[in-house]
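One letter stands for each residue in the lines below.
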Number of protein chains: 2
Amino acid sequence: MTKTISLAHGNGGAENNELIRDVFYKAFKNDILDKSEDAAIIEGGRLAFSTDSFTVTPLFFAGADIGKLAVCGTCNDLAMMGAKPKYLTCSVIIEEGFETRELEKIVRSMKKELEVNGAIVVSGDTKVVPRGSVDKIFINTTGIGEVLQEGISSNNISCDDVVLLSRDIGCHGATIFASREGIELSSSLMSDCTSLYPIVKSLIDEGIKITAMRDATRGGVSAALNEWSKQSNICIEIDEEKIAVSDEVMGLCEILGFDALSLANEGTFLLAVKKEEAEKTMEILKSYNKNASIIGKVTDKHLKKVIINSAWGTQRFLDVPTGELLPRIC
Amino acid sequence: MTKTISLAHGNGGAENNELIRDVFYKAFKNDILDKSEDAAIIEGGRLAFSTDSFTVTPLFFAGADIGKLAVCGTCNDLAMMGAKPKYLTCSVIIEEGFETRELEKIVRSMKKELEVNGAIVVSGDTKVVPRGSVDKIFINTTGIGEVLQEGISSNNISCDDVVLLSRDIGCHGATIFASREGIELSSSLMSDCTSLYPIVKSLIDEGIKITAMRDATRGGVSAALNEWSKQSNICIEIDEEKIAVSDEVMGLCEILGFDALSLANEGTFLLAVKKEEAEKTMEILKSYNKNASIIGKVTDKHLKKVIINSAWGTQRFLDVPTGELLPRIC
């Protein structure tokens, strides 16, 4: 670890993993935490439990706001473990002088998104801090979900699985960046921020046996696939041309030198399912978003690595993102 | 509600109650939240669930630091509902440039205090924000506890109960204030920050049937007693001389015009038990702190009010604290 914490330590990539491993996991070490993925599985597999703090700026952006994001973020972490979001806590830290109307707007967004998940807020905390101690408002939500399908885990992916992606990537990261920098790309660029529980419920209701799921938030698809390759000790090979990227996101990436694969998403997820389940899974995903796609396969070519095949037949390793990326993206 | 949020809206007193009622409860309304006290009771009474964000400044102070406080605060909320703290989440928001060594020190304090509670951290989140977006570090902990004694509730206090206080008051508030202002009162002034689960476990193990418990945090004993009087529709009459205040805390209050009854505590709690249980309860409390005391009784003289009898025989209403009090006390 470096002597001070840098923005890179919150990027969802390599430095972030180092901070979590060397400071937090080292101290808090226990069996449940060791197995914890998007959420921890507790009470003998019956409940999922996850926390997330939201510091996004700006507070309001195309497609969502910090309130919607705060509910989606935590509920999605639960959904990715095959759990139905049930109870949330909501803890807000507000800067003195914050507009009550803006707060009410944020809370209304939360309420609306809670309804999509069929979840309720059961406990809360409200702190107000002097001007300058926090930038406007930070929100923590922590959720408990009821596990509907047991055994979903990033440790169980094998060569029998294929890797699917639920939609086109990078919309959240691109939207936040464009909005922050005052770049007007097009009116159709908006965050993908969405509750994933409805799709997960459809998959489970239709009898799909899910190997693993991961929403590609900070660090994007690159970070998520790399984590999978390490946790399951596999090689993931993906085809670049199968990964949908909208013209707006592509444009922004080209201008600014971003890699869409490392941009944050807030309603886009990866799935690993057995090959024989792939077709049926695709049908369900496509009914939610036409850009859903089977993006790759699992092999044993380079264990703990992700290989990306370009449209021109070349291959490269897709690395874990490093560096600052975009702070305060979520 | 006022047009903007002020520091008073986070004081644990009247304005704080207004913000919670008019903005959060209004939107999130549900049966569990309505009954929620220090923690929500979920899963048919089996589990307690509570959240707290910690913004205290300074981060290190006599008797504790933000890490110990973050574990005590949430575990105590669970303990006050008669629950054993079991699983915690830990979400930190760190300012870019924060010293890694200080972070490690904070995390070590958390680990130590988790052990006192027999609780584990099972899930976490780490955000790093640019300089100036947050003051050093804020920590959210959210906990799940296993309810050991059911039916503990601030709604059930009656004239058959007496009110007890576990120790002398105001130490946390006085310590933070003195430390922030650079006032050197005496080396013996230190925060009361402590995990209350061990005392609660002793009470339950000894067969005490607890009516209600409340740790007197923001807003102090005044806020807690006033909440009880309203929730149970009772009058609480307390004797000022029964409430222990150390010379150090009293000195600071006299110099600065604070009321010790409104100062925050972080390891001091109120209990309501039936009269016939009072003596046995006192024995247990005294084994932890000699300043424990039966401070008052429940009557129907002025419903929803707290009356304080002074040592000189005069009576006054003890009101809910209002105004700014001390921001960033916890």
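Residues numbered from 1 in each chain as written. Chains lettered and ligands numbered in written order. Predicted model: local features only at pLDDT ≥ 70, side-chain atom pairs only at ≥ 80, totals over all residues.

Draft legend 1. Structural context of the overall build of chain A. Summing up its helical and strand segments, chain A has nine helices and 14 strands in all. Taken over C-alpha atoms, the radius of gyration comes to 19 Å for chain A, in line with the 20 Å a tight globule of 330 residues would show. Once the C-alpha set of chain A is aligned to its principal axes, its extents read approximately 55 × 50 × 45 Å. Going through the 330 residues of chain A one by one, you find that 58% of them count as buried. Contacts spanning at least 24 positions in sequence make up 84% of the contacts within chain A whose residues lie at least 6 apart. (Helix = DSSP H or I, 4+ residues; strand = E, 2+ residues; numbered from the N terminus. Rg over C-alpha atoms; globule rule 2.2 N^0.38 Å. Buried ≥ 20, exposed ≤ 12 C-beta atoms within 10 Å, placed from the backbone. Contact = placed C-beta atoms within 7 Å.)

Draft legend 2. Inspection of the packing of helix α3 (residues 66-79) of chain A against helix α4 (residues 100-117) of chain A at higher detail. Residues and elements named next belong to chain A. Two elements in contact, α3 and α4, have axes separated by 7 Å at closest approach and are oriented at 30 degrees. In terms of their interaxial angle, α3 and α4 are classed as roughly parallel. The element α3 and its partner α4 pack so that their crossing is right-handed. Between α3 and α4, the contacting residues are Ile66, Gly67, Lys68, Ala70, Val71, Cys72 and Cys75 on the first element and Ile106, Val107, Ser109, Met110, Glu113, Leu114 and Asn117 on the second. The class makeup of the residues in the contact of α3 with α4 is nine nonpolar, three polar and two charged. (Axes fitted to C-alpha atoms, helices over the stretch in contact; angles between N-to-C directions. Parallel < 35°, antiparallel > 145°, perpendicular 65-115°, else oblique. Left-handed = near helix turned anticlockwise from the far one by under 90°. Nonpolar A, V, L, I, M, F, W, Y, C, P; charged D, E, K, R; others polar.)

Draft legend 3. Focus on the domain arrangement of chain A. Each assigned domain of chain A is listed here: domain 1 (1-35), domain 2 (41-147) and domain 3 (161-317). Each of domain 1 of chain A and domain 2 of chain A has a C-alpha centre, and these two points are 22 Å apart. (Domains from an automatic or database assignment.)

Draft legend 4. Representation of unusual backbone geometry in the model. Residue Thr57(A) is joined to Pro58(A) through a cis peptide bond whose omega torsion reads 0 degrees. Mapped onto the elements, Pro58(A) comes out in the loop between β2 (47-54) and β3 (60-61). Phi angles above zero are rare outside glycine, and Glu43(B) is one such case at about 55 degrees.

Draft legend 5. Representation of the interface of chain B and chain A within the structure. Listed as interface residues are 64 residues of chain B and, on the opposing side, 64 residues of chain A. Of all elements in the fold, only α1 (14-28), α2 (31-35), β1 (40-42), β2 (47-54), β5 (83-95), α4 (100-117), β6 (120-129) and β7 (137-147) of chain B reach the threshold of two or more residues within the side of chain B that touches chain A. For the side of chain B that touches chain A, the element with the most residues is β6(B), which contributes ten residues. Its residues placed into classes, the side of chain B that touches chain A shows 31 nonpolar, 22 polar and eleven charged.

Draft legend 6. Molecular detail of the sheet that holds β1(B). Residues and elements named next belong to chain B. The mixed open sheet is built from five strands, whose spatial order is β1-β2-β7-β5-β6. The open sheet is flanked by β1 and β6, the only strands paired with a single partner. Between one strand axis and the next, the sheet turns through 20 degrees on average, direction left out of account. The pairing of β5 with β7 spans eleven bridges and is antiparallel. When the sheet's bridge partners are listed, Thr89 is paired in β7 with Thr142. (Pairing = 2+ DSSP bridges.)

Draft legend 7. Region of the structure containing the relation of the copies chain B and chain A. Taken as rigid bodies, chain B and chain A are interconverted by a rotation of 180 degrees and an axial shift of 0.0 Å, the fit giving an RMSD of 0.0 Å. Such values leave the two copies arranged in the relation of a two-fold axis. Of every C-alpha in chain B, the one belonging to Val134(B) sits nearest the axis of rotation, 2.2 Å from it. Interface overlap between copies: 100% of the residues of chain B at the interface are likewise at the interface in chain A, consistent with a symmetric, same-surface contact. (Least-squares fit on C-alpha atoms with pLDDT ≥ 70 in both.)

Draft legend 8. Quick peek at the confidence of the model for chain A. Per-residue pLDDT for chain A averages 96, and the proportion of residues at 70 or more is 99%. Across the interface, the model reports ipTM at 0.97; the global pTM reads 0.97. (pLDDT = per-residue confidence, 0-100.)

Draft legend 9. Quick peek at the sheet that holds strand β13 (residues 305-309) of chain B. Residue and element names in this part refer to chain B. Pairing in this open sheet of seven strands is mixed, and the strands run β9-β11-β8-β12-β10-β13-β14 from one edge to the other. Every interior strand has two partners, whereas the edge strands, β9 (210-215) and β14 (315-317), have only one. For this sheet, the mean angle separating the axes of adjacent strands, direction not counted, is 25 degrees. Helix-sheet contacts for helix α7 (residues 220-231) involve β9, β10 (235-239), β11 (269-274) and β13, and the interaxial angle to β10 is about 150 degrees.

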